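# Chains, contacts and geometry: an overview
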Amino acid sequence: MDDDFRLMCAPLQGLTDSAFRRFHTSLAGEGVEYFTPFLRVEHGDVRRRDVSELAVSHRDGVNLTPQVIFRSADEFTMLVDTVIAAGYDKVDMNMGCPFPPQVKKGRGAGILMRPDVLAEVAERVESYSGRVSFLVKMRLGIDCADSWRGVVELLNAMPLDHVAIHPRTASQQYAGEIYYGEFESLAGELRHPVIFNGEVRTPGDIERLRERYPFIAGVMAGRGLLSRPTLFAEYRSGQEFDAESRRRAALDLHRRLVDEYASTLCGDTQVLSHLVAWREYLVDYIDRKLLKQMYKAKTLEAYRQALNRAM
Ligand SMILES: Cc1cc2nc3c(=O)[nH]c(=O)nc-3n(C[C@H](O)[C@H](O)[C@H](O)COP(=O)(O)O)c2cc1C
């Protein structure tokens, strides 16, 4: 597909790490845009693990934008300076995280209700002008789907590359009605390019979104892309891959992740607990009994044996 419609892999904490991004790039081909799960300040400092992940992806040459989550302009600056020091010139601002502990502290979707903080952050954004480009990933509100109205002018005043919108409230977490009407209203008020994020699972979903919203600059897929890692490659090729090719690609990606974690994490228990989050994304490809065996495995060897049988 030779148009400039943008295809983005949503950040998922604990899943779309540097290893996933490297292996997925080789599967999806050039042009897919990746975002790190949010970098955060903990006990007054940026988490070291997040910083080393940035360095790995920089070496791998992945098209990556680091994401930051912040409760104040000072946290924001600390995180952006860390991102710059790691060699990046793009920053994704998280205004959508729904986890109550973060939201309560005013981070993620919490920032939608704190225009005073956002105004200070906007000044900091200005101070990085010419050095860093910024973008936003947001929800519509915390409890109400029209809370975005309180921040849209501030967003319009900032020089943003784009705004990715997941048209749900934070209280909905990751399920329930998508507020298409509010999405349209917000997109209509924004002067920035808009990316649609939410429940994009098949190439047909992307086509339908483009037909319905010809103004969108791209789509971002999270869970749909983890369940169907070939999604963007299929969309680009203009044709769905057959079930066997999709299965092989998904399981091969999983096998590569297992090998990577086995060589970088410490001991079977750590590796196996890291793999737990993947279970729900394998259900389409692995027979239920075998999947149960994999996730009951006490050793990495037993996990691998079950995975090999599935392949
Ligand atoms: C386990 C999990 C972790 C997530 N971590 C992040 C994150 O670090 N930053 C972020 O902006 N969104 C995060 N999200 C939200 C996704 O990026 C995405 O917006 C959401 O899943 C909706 O898109 P989807 O329907 O394509 O999955 C996370 C979602 C899940 C399920």
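Residues numbered from 1 in each chain as written. Predicted model: local features only at pLDDT ≥ 70, side-chain atom pairs only at ≥ 80, totals over all residues. Heavy atoms only, no water.

### Here's the deal with the site of the ligand
Taken together, 17 residues are adjacent to the ligand, and Pro11, Gln67, Asn197, Gly222 and Arg223 come closest. Residue Gln13 places a main-chain N or O atom 3.0 Å away from a nitrogen atom belonging to the ligand. Interatomic distance of 2.6 Å between a side-chain N/O atom of Asn197 and an oxygen atom of the ligand. For the ligand, the protein covers 90% of the area, taking 610 Å² as the surface of the free molecule. Taking a 2 Å distance to the grid points as the criterion, the majority of the atoms of the ligand fall inside the largest pocket. Residue composition of the shell around the ligand, grouped by class: seven nonpolar, seven polar and three charged. (Near = heavy atom within 4 Å. Polar contact = N/O pair within 3.5 Å; in protein donor to acceptor, adjacent residues only side chain to side chain. Areas by Shrake-Rupley, 256 points an atom, 1.4 Å probe, with all protein chains shown as cover. 1 Å grid on protein atoms, 1.4 Å probe; cavity = no way out; pocket = protein on both sides within 12 Å on 5 of 7 lines; lining within 4 Å. Sits in = over half its atoms within 2 Å of the grid points. Nonpolar A, V, L, I, M, F, W, Y, C, P; charged D, E, K, R; others polar.)

### A look at the pairing of strand β10 (residues 194-197)
Of the two faces of β10, the one holding Val194 and Phe196 and the one holding Ile195 and Asn197 are both buried throughout. For the handedness criterion, the β-α-β arrangement of strand β9 (residues 160-165), helix α7 (residues 180-189) and β10 is classed as right-handed. Taken together, the three bridges between β10 and strand β11 (residues 218-221) define a ladder with parallel strand orientation. Bridge pairing links Asn197 to Met220 in β11. Where the polypeptide runs from β10 across helix α8 (residues 203-212) and back to β11, its parallel neighbour, the crossover connection is right-handed. (Buried < 20%, exposed > 50% of the residue type's maximum accessible area, 1.4 Å probe, protein only. Helix = DSSP H or I, 4+ residues; strand = E, 2+ residues; numbered from the N terminus. Right-handed = clockwise from strand over helix to strand, strands pointing away. Pairing = 2+ DSSP bridges.)

### A few points about the side chain of Gln67
Among the secondary structure elements, Gln67 is positioned in strand β6 (residues 67-68). Note on Gln67: relative accessible area 2%, which makes it buried. A distance of 3.3 Å separates a polar side-chain atom of Gln67 from the backbone nitrogen of Phe38. Reaching out from Gln67, the side chain makes a polar contact with the side chain of Asn94 at a distance of 3.1 Å. In contact with Gln67, other than residues within four places in its own chain, are Pro11, Thr36, Pro37, Phe38, Leu39, Asp92, Asn94 and Lys137. (Contact = heavy atoms within 4.5 Å.)

### Looking at the domain arrangement of the protein chain
What the domain assignment lists for the protein chain is domain 1 (6-237) and domain 2 (243-310). Computed from C-alpha coordinates alone, the two centres of domain 1 and domain 2 are separated by 28 Å. Opposite the 18 residues of domain 1 that make contact, domain 2 presents 13 residues. Carbon and sulfur atoms supply 64% of the area that domain 1 and domain 2 bury against each other, a total of about 1,400 Å² over both sides. Inspection of the domain 1/domain 2 interface yields one salt bridge. The partner of Arg22 in a salt bridge is Glu260, with the nearest N and O atoms 3.4 Å apart. For the pair domain 1 and domain 2, the interface holds four residue pairs in polar contact (both at pLDDT 80 or more). (Domains from an automatic or database assignment. Buried area = accessible area lost by both parts, 1.4 Å probe. Salt bridge = Lys/Arg side-chain N within 4 Å of Asp/Glu carboxyl O.)

### Describing the layout of surface pockets
One simple way to see leftover space: roll a probe sized like a water molecule over the atoms. Considered as a void within the structure, the largest pocket measures approximately 620 Å³ in volume. Taken together, 31 residues make up the lining of the largest pocket; nearest its centre are Pro11, Leu12, Lys137, Arg139 and Tyr174. Of all the secondary structure elements, the ones that give two or more residues to the lining of the largest pocket are β8 (133-138), β11 and α9 (223-227). Looking at side-chain class alone, the lining of the largest pocket contains 16 nonpolar, nine polar and six charged residues. Each of domain 1 (6-237) and domain 2 (243-310) contributes no fewer than three residues to the lining of the largest pocket. Lining the second largest pocket we find 26 residues, and of these Asp17, Ser18, Arg49, Glu53 and His274 sit closest to its centre. Broken down by secondary-structure element, the contributors of at least two residues to the lining of the second largest pocket are α1 (18-28), α2 (48-60) and α11 (243-264). The dominant element in the lining of the second largest pocket, judged by the number of residues it contributes, is α2, at six residues. Looking at side-chain class alone, the lining of the second largest pocket contains nine nonpolar, eight polar and nine charged residues. Inspection of the lining of the second largest pocket shows a minimum of three residues originating in each of domain 1 (6-237) and domain 2 (243-310). (Points joined across faces, edges and corners; volume = space filled by probe spheres on them.)

### What about the pattern of salt bridges?
This model, assessed by the stated rule, comprises 24 salt bridges. One salt bridge connects Arg22 with Asp60, and the closest N-O pair in it is separated by 2.8 Å. Taken together, the residues span a long stretch of sequence, with Arg22 in helix α1 and Asp60 in helix α2 at a distance of 38 residues. Across the salt bridge formed by Glu244 and Arg248, the nearest N and O atoms sit 3.5 Å from each other. Here the residue Glu244 and the residue Arg248 both occupy positions in helix α11, the gap between them amounting to four residues, near one helical turn. Residue Glu244 is classed as partly exposed on the basis of its relative accessible area, which comes to 36%. Overlapping salt bridges, with partners in common, bring together Arg168, Glu199, Arg201 and Arg223 in one network.

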